[in-house]
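Results of the structural survey
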Amino acid sequence: MTPVGSDALMQVPAWSLAGCAGLAGALAVARGPGARRARVLTARREDPWGPAVWATARAILDGRKEWLCAPVAALLAALGESALPLFAGAVAVPLVRRWLRRRARRREREEAADAVTSLCGAVVGELRAGHEPGQALLAAARNAGALGAAEPAVLAAARFGGDVPDALRQAAAGPGLDGLAGMAACWRVAVDGGAGLAAGLARLESALRGERRRREELRAQLAGAWSTVVVLALLPVVGLGLGAALGADPLEVLLHSPAGLVCLAAGGLLEAAGLFWASRIVRAGEAV
């Protein structure tokens, strides 16, 4: 292969990185509160189609973030003049989608657990204000959003004198709603044994808040381990960048020579094994 325009080709990665950095900065600025206020103040002067197009683009991107692997793979394929990055991008899309969905499910579980904690505190406040248990649950659950898909059944039981503990126990089957099972137990004890419902729910709220604090402290302690995992993932990219900065052509060697292909396959397998091992160790620490 003849080195035509080698100086221009060496500048391509730098311009690509600069363009990506500029795009990231623009997205960060666009998400800032000042930029949002400015868009609201100037909304009447802008093209009416602008906000709609921007909202549609963001909605599509929020639901399809894994497809960002495609332009990165296309850029690498163009720089390396090989179809292997396209194949790697096609493999990365479902893996990234799975990771994003797992992270979204974990975030939903945590939000549901926080909503249950808030619901317990709101019911305690309504009970101490003098409301009946059913009325307190109706008033507290109206804005809590902690009952999931079983909210109509729970509210109907509270409104018409049904079996509220059984409805709460069924609602506890949802992701992150385990605290509703404790709430159902407190309700059952208060109804059958005459114990104070407010006192039981207050203790339950304290236990749930303690669990949330423990989870946040554990996450803070594991932040360094996750940083190590991220550094492991970025080391090969840094190596390629250093090779290009020194005047070498690492993509040409990796994608167009037998030794480079062997190194690429071995390095990819070792990278995947290292990331899987490190991530499993960190997740095991989170599960403790």
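In short, a report on the structure.

About the thresholds
Residues numbered from 1 in each chain as written. Predicted model: local features only at pLDDT ≥ 70, side-chain atom pairs only at ≥ 80, totals over all residues. Heavy atoms only, no water. Axes fitted to C-alpha atoms, helices over the stretch in contact; angles between N-to-C directions. Helix = DSSP H or I, 4+ residues; strand = E, 2+ residues; numbered from the N terminus. Parallel < 35°, antiparallel > 145°, perpendicular 65-115°, else oblique. Left-handed = near helix turned anticlockwise from the far one by under 90°. Contact = heavy atoms within 4.5 Å. Nonpolar A, V, L, I, M, F, W, Y, C, P; charged D, E, K, R; others polar. Expected span 1.5 Å × (residues − 1). Buried < 20%, exposed > 50% of the residue type's maximum accessible area, 1.4 Å probe, protein only. Arc of directions from axis to C-beta. Salt bridge = Lys/Arg side-chain N within 4 Å of Asp/Glu carboxyl O. Core = buried A, V, L, I, M, F, W, Y, C linked by side-chain atoms within 4.5 Å. Patch = residues over 30% accessible without salt bridge, like charges linked within 9 Å, V, L, I, M, F, W, Y side chains within 5 Å. Areas by Shrake-Rupley, 256 points an atom, 1.4 Å probe, with all protein chains shown as cover. Lys, Arg positive; Asp, Glu negative; His and termini not counted. Charge placed at Lys NZ, Arg CZ, Asp CG, Glu CD.

Considering the packing of helix α4 (residues 69–80) against helix α5 (residues 84–128)
Look at α4 against α5: their axes get within 8 Å of each other, and the N-to-C directions meet at 165°. In terms of orientation, α4 and α5 fall into the roughly antiparallel class. The interaxial crossing formed by α4 with α5 has right-handed handedness. Here C69, A73, A74, L76 and A77 of α4 come into contact with α5, specifically with P85, L86, G89, A92, V93 and V96. Considering only residue class, the contact of α4 with α5 consists of 10 nonpolar, one polar and no charged.

Regarding α4
For the α-helix, the turn length of 3.6 residues means that residues three or four positions removed from each other point alike. With 12 residues, α4 should cover 16 Å at 1.5 Å per step; its first-to-last C-alpha distance of 16 Å lies within 8% of that length. Of all the positions in α4, only C69, A73, A77 and G80 are classed as buried. Seen from one end, α4 has its buried residues packed into an arc of 75°, which puts them on one side. Two residues or fewer after α4 comes E81, characterised by a positive phi angle close to 55°.

Some points on the environment of V164
Its location among the elements puts V164 in helix α8 (residues 164–171). Distance in space between the C-alpha atoms of V164 and A153 is 8.8 Å, their sequence separation being 11 residues. Filtering out sequence-adjacent residues up to four positions away, V164 remains in contact with L137, A157, A158 and W187.

Considering the environment of R159
Residue position: R159 is located in helix α7 (residues 151–160). For the pair R159 and G134, spaced 25 residues apart in the sequence, the C-alpha separation amounts to 6.3 Å.

Comments concerning the pattern of salt bridges
Taken as a whole and assessed by the stated rule, the structure comprises eight salt bridges. For R215, the salt bridge identified is with D114, shortest N-O distance 3.7 Å. A residue pair is termed long-range when its members are at least 10 positions apart, and R215 in helix α10 (residues 197–221) and D114 in helix α5 qualify at 101 residues. A cluster of three or more residues bridged by salt bridges with shared partners is formed by E110, D114, R212, R215 and R219.

Describing the nonpolar core
As a rule of thumb, soluble globular proteins bury nonpolar side chains together. In this structure, L119, V123, L137, L168, L180, M183 and L201 are the most contacted members of the largest nonpolar core, which totals 33 residues. Here this core takes seven residues from α5, the largest share from any one element. Judged by nonpolar contacts, the second largest core, of five residues, contains L218, L222, A278 and V282.

Details of a positive patch on the surface
On the surface, a cluster of positive charge is made up of R64, R98, R101, R102, R105, R109 and R283. Looking at the positive patch, the element that brings in the most residues is α5, giving five residues. Secondary-structure assignment places R64 in the loop between α3 (49–63) and α4. Since its relative accessible area comes to 48%, R64 is described here as partly exposed.

A look at the side chain of E110
Relative to the helices and strands, E110 is located in helix α5. In this structure E110 touches R215 and R219, once residues within four positions along its chain are discounted.

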